[in-house]
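Architecture and fold: a report
The chain contents come next:
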Amino acid sequence: RKAAPWEPRTLAALELPGAMAEASAARPSEGTGRPNRWIMFVAGQRVCPLCSFCTFFLTGMLFALVFVREAIEKSDAIFSFDAQVVRSDVDVQRYYAFRAARGEELQTGCGDEQHQARGVCEDDEQCEWSSQRCEDKQVCPHPDPKPRQSMLLYRGAPAWAGIVYEAKNGRSLLDDDMLGYIDKFERILLTTANGAVNSSGDLSPWDQDWCLKAYPAGNDGHPGKCAATLSVLNLFSMNAHGRQVTARQVAEGFTAAGPLSCLCSDADALCSVCTPEGGLKGFGGDPAHFSLDAWPADVVSCAARYAAQNADSAEQRANRTQKESMCSRTLTGSSVQDLLPVLTSLCAWKPTCQWEPPGGGFCSSTAFYRATDGDGLVEGAEKERVMSRMCDEQDLKWMGMRKSFLPASFDCQSEDKKAQFARTTFFPGGDGKDAEGENFETNYVGGMRGWFMSEQALEMQIEKESGGDLRVMLFSASTLRQQFLGILIVDMCLSITSLVLVWAYMWWTLESAFLASCAMFEILFSLPVAMSLWTVICRQQIQFFQMLTVYMILGIGADDAFILQDAWLQSRYLGGEETDGDWKTRFAWAYKRSFKAMAVTTATTCGSFLIGACSPLPQVRDFCIFAAVVVFVDWVFCETFFASAIVVNERFLKCGCGKGECCGPGCCCGLWRCCAATFCKSRYGETPPPGAPPQKRAMERWFEGPLFRVLFKGRLGFVAFWLLLIVGMCVNAGMSLRTASKANPIGKESLDVIRGAEILRGEFSLDGVPKISM
């Protein structure tokens, strides 16, 4: 029959001319066109008109709720972001066999599986529950820490904070002005924190409320002060003022070296107790004949003070048990006679005993907090001396500091000694309990005026002042969540944009907002259904790459919806006698016709993915299997939920008004019709008169007209062109194949957390955070 004036013109290609029309009329019809029981159920004719639609909708919701429940119960354990090993590889199997033979795969004692329960751990006298896990009880337990003497714990680990610096535009971080920018940045960050406030809105300076504290030995009444940070500026902080402050702090007891600190002085010269030949003054090899007479008076006086402390410690140990006496021994309480082997080995190196920066050795202070104790940096000859010492392979202390703060690419053999990267590490202080770490993140780090946002503002300020020559990147345990959350928010916005665009395109094509929304439901809910099958039935973790299937299924799901909707529209003109003008037989004809087409495409797509299940690479294998499940689930949803949605739209929501009219196709029920009828009549075509067949769309006319003629006439040239192009690309790829000189980037280098992680991974050791002594 002829199309009614208001019916969509999406079947123009079905206007078959001449012999094609006769052949189509003579061709046997596809199927009987009579609906079976399943089709009648999908069409809502078995129970109630909306029962099938609601049933399929609730089924998708049920699977989604199952996955949400599983995710809540297992929390982070349901996801895995670790790189899986290829366990089918022979070398990998040998590695795990070797570890199993050594017993490394089986944990015993407090770390075994039974002790993972807190009650079992606490009942065992040999174990103790610490940092959310069971550990062996310490032989020498530490006394209760003083305020902020311990590192603040965050999720069971120290809440370290790292700053990575990068020099841009060919500059070096060791230039005086670049060090000045770094000094200004750290001085503000580690004192006022650039005006950071807590959750109550009160200013919370870092050095007053959060810095890790050091306490002097032998002075229990001291309130303590901020402990030394591990900063690249420490290398250049020991000018005259820095050495004076260090000497005063060591004299107050801020040292872990005990009597060894008595050897230190302001002079850059050989230790006063060592001979030029590398021997120890007053020691001939026999401890019984050791004499302090050859030592300088100030050193002897300092050693006497420590000797008195040692006598007090020995008297206290005499009244303790053997275990308590052993645990109370420290380097601070050691006598000079106990340190003779250490001193002898030290003098053999002919060292200098000048006051050193934090982390440099026994001539350093544990409380030299550069942000408040430092005043300027070394310059001129003193700076050249520092550069020489940290490149001296014989000076192990300075070489160790250089490797801690400067990158592995730092070339000591070059004349200018440029450093493109550097790092600083510091810690907040706490009581060693996880609850305080959560409070630190929630009440101080977070918030629009919290520490993290204040640090970001300070970064931009310093980078602007440097003229773009310096890049500052924060890399912190307590801010990683917020940093990655910011990245995820941007990605989420992009994902939502893609979903909206696909939904709008489906609205444009399907000419129904209801059908477009149902198609989007079909697409999106194929993911939670597949995830519930993957996690609940297969008991597998969801990998990072599996989440990317959402972009793949957007295209496949939309295509399936278009096929089914197109078959439904074709049934009005191609169904012939099979449909008898009845919507039920039309739906049966369209359902059977589209079922075959979508079944073939789904089978080929799933089959292609399932081939990847044979890959020895776990990530490739899991992604391919999961993608095949997602495609299959989407096809099932399309043949059930979206098919029932077409019936609901046809029977209850379809409008009967004319094109371009209010509530007609293209207005409330569609988008393209209204726009085309109003603004694009020249391209879309005039409205056909009543009884006229549907017209061809502009795209259909272009494909079957100009494009077809061009491709048909130049078919040989096009084939030759594509063959040459493919061969050329293969040859170029083969000739350009090279072994990778560096690891693939883990993300956009414009993101500080990504760039900082790449620099730390490539230029510094990530085996653990640097250690400092209190």
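Just so it is clear, the model here is predicted, and its values are computed rather than measured. (Residues numbered from 1 in each chain as written. Predicted model: local features only at pLDDT ≥ 70, side-chain atom pairs only at ≥ 80, totals over all residues. Heavy atoms only, no water.)

Some thoughts on the overall build of the protein
This is how it is decided: A run of H or I in DSSP counts as a helix once it spans at least four residues, and a run of E counts as a strand once it spans at least two, with each numbered from the N terminus. To sort residues, take the accessible area from a 1.4 Å probe on protein chains only and compare it with the maximum for the residue type: under 20% means buried, over 50% means exposed, and anything in between is partly exposed. Contacts were defined at the residue level, with two residues in contact if any of their heavy atoms lie within 4.5 Å. Note on areas: Shrake-Rupley with a 1.4 Å probe; residue coverage comes only from the protein chains shown.
Assigned secondary structure in the protein consists of 27 helices and 13 strands. Counting over 774 residues, the protein shows a buried share of 41%. In the protein, 72% of the contacts between residues at least 6 apart in sequence involve partners at least 24 apart. Surface exposure of the protein reaches about 41,000 Å², of which carbon and sulfur atoms provide 60%.

Things to note about the state of the cysteines
Cysteine pairs can be linked by a disulfide, which is a covalent bond between their two sulfur atoms. What counts, and what does not: Two cysteine sulfur atoms form a disulfide, by the criterion used here, when they sit within 2.5 Å.
Taken as a whole and assessed by the stated rule, the structure comprises eight disulfides. In this model, C121 is linked to C134 through a disulfide, with the two sulfur atoms separated by 2.1 Å. On the S-S bond that ties C121 to C134, the torsion sits near 85°, and the link is right-handed. On the criterion of sequence distance, the pair formed by C121 in helix α5 (residues 118-123) and C134 in strand β3 (residues 133-136) is long-range, its members being 13 residues apart. Note on C134: relative accessible area 9%, which makes it buried. Between the sulfur atoms of C271 and its disulfide partner C353 the distance amounts to 1.5 Å. Residues C271 and C353 share a disulfide whose torsion about the S-S bond is about 70°; that sign makes it right-handed. Of the two residues, C271 is situated in the loop between α8 (240-252) and α9 (297-318) and C353 in the loop between α11 (340-348) and α12 (370-373); the sequence distance between them amounts to 82 residues. Of the two residues examined, C271 and C353, each falls in the buried class. You can see C624 has no disulfide; the closest cysteine sulfur is in C614, sitting 9.6 Å from it.

Some words on the pattern of salt bridges
Convention followed: Salt bridges are defined by distance alone: a side-chain nitrogen of Lys or Arg within 4 Å of a carboxyl oxygen of Asp or Glu.
Applying the stated criterion across every chain, the model contains 23 salt bridges. Residue E70 is joined to R539 by a salt bridge in which the shortest nitrogen-to-oxygen separation is 3.7 Å. Within this pair, whereas E70 is found in helix α3 (residues 51-74), its partner R539 is found in the loop between α19 (526-537) and β13 (542-543), the two being separated by 469 residues in sequence. What makes E70 buried here is its relative accessible area of 7%. E382 serves as the salt-bridge partner of R243, at 3.4 Å between the closest nitrogen and oxygen. Of this pair, R243 sits in helix α8 while E382 sits in helix α13 (residues 380-390), and the two are 139 residues apart along the sequence. Its relative accessible area of 34% is what places E382 among the partly exposed residues.

Topic: the pairing of strand β7 (residues 161-167)
For a regular strand, side-chain orientation follows a simple rule: the groups alternate between the two sheet faces. Note the threshold: Should DSSP find at least two bridges between two strands, the strands are taken to pair.
Counted residue by residue, β7 has seven buried out of seven residues, so it is predominantly covered. Burial along β7 is two-sided: the face carrying A161, I163, Y165 and A167 and the face carrying G162, V164 and E166 are both buried. Sheet topology places β7 next to strand β10 (residues 421-426); six bridges connect them, and they run antiparallel. Opposite A161, over in β10, you have F426 as the bridge partner. Across seven bridges, the pairing between β7 and strand β12 (residues 470-476) is antiparallel. The residue of β12 that forms the bridge with G162 is F475.

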